[in-house]
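# Structure at a glance
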Amino acid sequence: MYKNIEKQAVLKLKDLVDYQPGQVVSKTLVQNDHVSMTLFSFDQGEEISTHAAGGDAMVTVLEGIGRFTVGGETFVLSQGETLIMPKDIPHAVCGEERFKMQLTVSF
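Residues numbered from 1 in each chain as written. Predicted model: local features only at pLDDT ≥ 70, side-chain atom pairs only at ≥ 80, totals over all residues. Heavy atoms only, no water.

## Let's talk about the environment of Lys87
Looking at the secondary structure, you find Lys87 in the loop between strand 6 (82–85) and strand 7 (91–106). Considering only alpha carbons, one finds Lys87 and Gly54, 33 residues apart in sequence, at a separation of 5.5 Å. (Helix = DSSP H or I, 4+ residues; strand = E, 2+ residues; numbered from the N terminus.)

Given below as structure tokens:
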């Protein structure tokens, strides 16, 4: 089920995805019909434009500060904070500063 990740090892998720200047970088850890788990790094000011997901999406910020707009409401999250973005509700993500997050979508 898991890919791109070492098994039976203690890991720091934030260390598994690197920053790239001017980019959003992603690394998929799980992808199937029931769940998707992806790590992201955002350079400051980089964003994923407004879209909707086919399942409930849970994000946890691993490092830095990110801005999430969900259904027109804005949330600014920092390390250790989590937000649920409901299925079919438009949302967007932007790096207030460089930041990393874990995204889990349940279908």
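Now, onward.
## Focus: unusual backbone geometry
Here the phi dihedral of Asn4 falls at roughly 60°; this positive angle occurs in a residue that is not glycine. Residue placement: Asn4 occurs in the segment before strand 1 (24–31). Asn4 gets classed as partly exposed once you look at its relative accessible area, which sits at 45%. Backbone geometry at Gln8 places phi at a positive 55°, although glycine is not the residue there. Considering the arrangement of structural elements, one finds Gln8 in the segment before strand 1. (Buried < 20%, exposed > 50% of the residue type's maximum accessible area, 1.4 Å probe, protein only.)

## Considering the packing of aromatic side chains
Remark: the centre distance and the inter-plane angle together describe each pair of aromatic rings, the angle taken between the planes. Tallied over the full model, the rule gives three aromatic pairs. Aromatic side chains Phe40 and Phe42 sit 6.1 Å apart centroid to centroid with 40° between the ring planes, which places their arrangement in the tilted category. Accessibility expressed as a relative area gives 0% for Phe42, which makes it buried. Ring centres of Phe42 and Phe99 lie 4.7 Å apart, and the angle between their planes is 20°; on these two criteria the pair is classed as stacked. With Phe42 in strand 2 (residues 35–42) and Phe99 in strand 7, this residue pair connects regions lying 57 residues apart in the sequence. On the basis of relative accessibility, which here comes to 0%, the residue Phe99 falls in the buried class. Positioned above the aromatic ring of Tyr19, the side-chain terminus of Arg98 is 3.8 Å from the ring centre. (Phe/Tyr/Trp six-rings, centres within 6.5 Å; stacked < 30°, edge-to-face > 60°. Lys NZ or Arg CZ within 6 Å of the ring centre and 35° of its normal.)

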